[in-house]
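For reference, the chains in residue letters:
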Number of protein chains: 2
Amino acid sequence: MTLSLLSLVCGCGPTAPEAHRVAAPPRTTVTVDDALVQFSLLASLAAGDYLDGPRLSELLAVGDFGIGTFHRLDGEMIVLDGHVYQASADGVIRQPSLDVTAPFAAVTFFDEDGRVENLAAHSLDLLDARINQSLPHRNLPYALRIDGEFSELTLRSVPAQNPPYEPLVDVVKQQVTWEHHNLRGTLVGLHCPGWIGNLNVTGYHWHFLSEDRQIGGHVLACQLKQGTLRYDACRSLVVRLPESDVFDRFDAQSIDQQDIDAIERQRERPSDSR
Amino acid sequence: MTLSLLSLVCGCGPTAPEAHRVAAPPRTTVTVDDALVQFSLLASLAAGDYLDGPRLSELLAVGDFGIGTFHRLDGEMIVLDGHVYQASADGVIRQPSLDVTAPFAAVTFFDEDGRVENLAAHSLDLLDARINQSLPHRNLPYALRIDGEFSELTLRSVPAQNPPYEPLVDVVKQQVTWEHHNLRGTLVGLHCPGWIGNLNVTGYHWHFLSEDRQIGGHVLACQLKQGTLRYDACRSLVVRLPESDVFDRFDAQSIDQQDIDAIERQRERPSDSR
């Protein structure tokens, strides 16, 4: 961006011929600070919109931390410290080409606003409840990072899909799950307030990546022995909408909260996510 | 932004002393094209969050077209061709100081993607239905502008509120309404897809400003004799979240779709807004 603006400035000198003048950035461009940037909607993904989306290079241009999935729903995405990891259903963690696309993802530039040391919890629900006590704002989205030691972890991933694409609530019936014990690594998560509706997952949504980058996936259960939570409150939400016929056709009313709970949690939904 | 980046580039030369170096823009800043930029959430406004928000100068920095309301809910906002108009409950249209704040607004840089000439409709619902046939994308937000001649128009505004602040569904019971006949002017509207939930108004939301800038308000009913629709599909949604205790406290679950229909429409909700 710096370069293109610089080109613009240099191209506007009095001697620059009209034909070679660099076009001004469209006046429809705005800058946004401290944003959670989301590509597509969970409701659209849940309805079966598993194709295309932005390239990973575009994702990394707007964030260095987050979660998502890949073209054809090929595994769970973990974005950590500016790297994208793909936890595939074969149990292997890859760093995919930045030309791979992501039909759904949410990322931010992780900018720590606060931390909690010596966090421990006997279950994922207890962990969520413990974090609820620490986050200062009820109605802001948060990026959450927990580096620590896990006594137990249940992870899942899903295999790449083929047409005709089933709704996500049916696809997760094909999920592969793994149980791990005594593992060091990082929980990469988001907390979205209740107002997010079906744009994303209300409440907590966790993916995991081990310290040795060999194990990862969507977190179904965990017991945290000891860890440090870092949180980043996001002051804006940016939703980039797909330019596809599939996205145009999806019916937001067809996806309900029970479906999203079934997809993302497979655990009882707390009566109040905060 | 151009200037600050230019300063950055110039300030980084080898002779620039450390103390005078211009700080880099935060790496948490992202640029977004073709966005509908929304300040706060309709659900929060509906719950009674009527205070503060961004200054109008901040609004105009991210759009030249849109709708909203003012500090203390003091009238209906129309943003047209880069000017902000305030349709107050006393029936007067003002151009307020750009230091005035807006607790809720949605704006975009209007960038015409298409138009429909010779539009006519005997009611607002028929107008909405007619536009449904013309908008190419079901699931994108649209900014909509109709310049024309109106045989009938029913407009409303609301007076500035005082504490304790009642929910919006109760405040609109104090609304002032006006009927006008044979008036030239502009409908300034948004269409939000069903997935928007309670972030904004699902379906159509219209404000009006007369050609002579003397009459305006939120549109409750209209008969369009003849007009031209221009539409602008927005490829991104940006939601800027308030930094206030009131916003932190609001409960998204407390606002339901019936309330929003009662607030914004006072007409039967179509079974499918598109």
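Scroll up for the structure.
Residues numbered from 1 in each chain as written. Chains lettered and ligands numbered in written order. Predicted model: local features only at pLDDT ≥ 70, side-chain atom pairs only at ≥ 80, totals over all residues. Heavy atoms only, no water.

Caption draft 1: Highlighting the overall build of chain A. Looking only at helices and strands, chain A features seven helices and 13 strands. Residue burial in chain A is summarised as follows: out of 274 residues, 57% are buried. Across chain A, every contact between residues at least 6 apart in sequence was considered, and the portion connecting residues at least 24 apart equals 77%. When the accessible surface of chain A is split by element, carbon and sulfur atoms take 48% of a total near 11200 Å². (Helix = DSSP H or I, 4+ residues; strand = E, 2+ residues; numbered from the N terminus. Buried < 20%, exposed > 50% of the residue type's maximum accessible area, 1.4 Å probe, protein only. Contact = heavy atoms within 4.5 Å. Areas by Shrake-Rupley, 256 points an atom, 1.4 Å probe, with all protein chains shown as cover.)

Caption draft 2: Structural context of the relation of the copies chain A and chain B. For these two chains of identical sequence, chain A goes onto chain B by a turn of 180° and a shift of 0.0 Å along the axis, with RMSD 0.0 Å. What the superposition gives is, in effect, a two-fold axis relating one chain to the other. A shared binding surface is used by both copies, with 100% of the interface residues of chain A retained as interface residues in chain B. (Least-squares fit on C-alpha atoms with pLDDT ≥ 70 in both.)

Caption draft 3: The nonpolar core, seen in detail. In terms of nonpolar packing, the biggest core is built from 135 residues, with L127, I131 and W195 of chain A together with L127, I131 and W195 of chain B touching the most fellow members. Counting residues in hydrophobic clusters, the runner-up holds 34 residues, among them V79 of chain A together with F39, A105 and F109 of chain B. (Core = buried A, V, L, I, M, F, W, Y, C linked by side-chain atoms within 4.5 Å.)

Caption draft 4: Expanded view of the interface of chain A and chain B. Tallying the contact residues gives 48 residues for chain A and 48 residues for chain B. When chain A packs against chain B, the two sides together hide about 4200 Å² of surface, and 60% of this comes from carbon and sulfur. Applying the counting criterion to the chain A and chain B interface returns four salt bridges. The residue D251 of chain A makes a salt bridge to R138 of chain B at a minimum N-O spacing of 3.6 Å. Taken together, the connections running from chain A to chain B amount to 18 residue pairs in polar contact (both at pLDDT 80 or more). (Buried area = accessible area lost by both parts, 1.4 Å probe. Salt bridge = Lys/Arg side-chain N within 4 Å of Asp/Glu carboxyl O. Polar contact = N/O pair within 3.5 Å; in protein donor to acceptor, adjacent residues only side chain to side chain.)

Caption draft 5: A look at the pairing of strand 9 (residues 142-157) of chain A. All names here are of chain A. Strand 9 sits mainly inside the fold: 13 of its 16 residues count as buried. Taken together, the 15 bridges between strand 9 and strand 10 (residues 176-192) define a ladder with antiparallel strand orientation. Counted as the bridge partner of F150 is L183 from strand 10. In this sheet, strand 12 (residues 216-233) lies alongside strand 9 in antiparallel orientation, the contact comprising 14 bridges. Bridge pairing in strand 12 links Y142 to A233. (Pairing = 2+ DSSP bridges.)

Caption draft 6: Examining the pattern of salt bridges more closely. Within the structure shown, the criterion is met by 30 salt bridges over all chains. A single network of salt bridges, built from pairs that share partners, joins D81, E112, R115, E117, R145, D147 and R230 of chain A.

Caption draft 7: Inspection of the packing of aromatic side chains at higher detail. All names here are of chain B. All chains considered together, the criterion is met by twelve aromatic pairs over all chains. Aromatic pair Y50 and Y165: ring centres 5.8 Å apart, planes at 90°, arrangement edge-to-face. Of this pair, Y50 sits in the loop between helix 2 (42-46) and helix 3 (56-60) while Y165 sits in the loop between strand 9 (142-157) and helix 5 (168-171), and the two are 115 residues apart along the sequence. Both rings, one in Y142 and one in Y231, keep their centres 5.8 Å apart while their planes meet at 85°; by these two values the pair is edge-to-face. (Phe/Tyr/Trp six-rings, centres within 6.5 Å; stacked < 30°, edge-to-face > 60°.)

Caption draft 8: Looking closely at unusual backbone geometry. All names here are of chain A. The omega angle of the peptide bond from P163 to P164 is 0°, so this bond is cis rather than trans. Relative to the elements of secondary structure, P164 occurs in the loop between strand 9 and helix 5 (168-171). One non-glycine residue with positive phi stands out, namely D52, at about 60°. Among the structural elements, D52 can be located in the loop between helix 2 (42-46) and helix 3 (56-60).

Caption draft 9: Highlighting the side chain of H207 of chain A. Residues and elements named next belong to chain A. When you line up the elements, H207 lands in strand 11 (residues 203-210). Residue H207 is classed as buried on the basis of its relative accessible area, which comes to 1%. A polar side-chain atom of H207 sits 2.8 Å from the main-chain carbonyl oxygen of M77. Within the structure, the side chain of H207 is placed 3.3 Å from the side chain of H205, a separation counted as a polar contact. Ignoring sequence-local partners within four residues, the contact set of H207 consists of I67, G68, E76, M77, I78, T186, L187, V188, G217, H218 and V219.

Caption draft 10: The pairing of strand 3 (residues 65-69) of chain B, seen in detail. Residue and element names in this part refer to chain B. Among the five residues that make up strand 3, five are buried, leaving the element largely enclosed by the rest of the structure. The alternating pattern of strand 3 places F65, I67 and T69 and G66 and G68 on opposite faces, both of which are buried. Relative to strand 7 (residues 104-108), strand 3 runs antiparallel, the two sharing five bridges. Following the sheet pairing, G68 is matched in strand 7 by A105.

Caption draft 11: Region of interest: helix 4 (residues 124-132) of chain A. All names here are of chain A. Buried within helix 4 we find L124, L127, D128, I131 and N132. Buried residues of helix 4 fall within an arc of 140° about the axis and therefore sit on the same side. The inward-facing, buried residues of helix 4 contact strand 8 (114-121), strand 9, strand 10, strand 11 and strand 12. (Arc of directions from axis to C-beta.)

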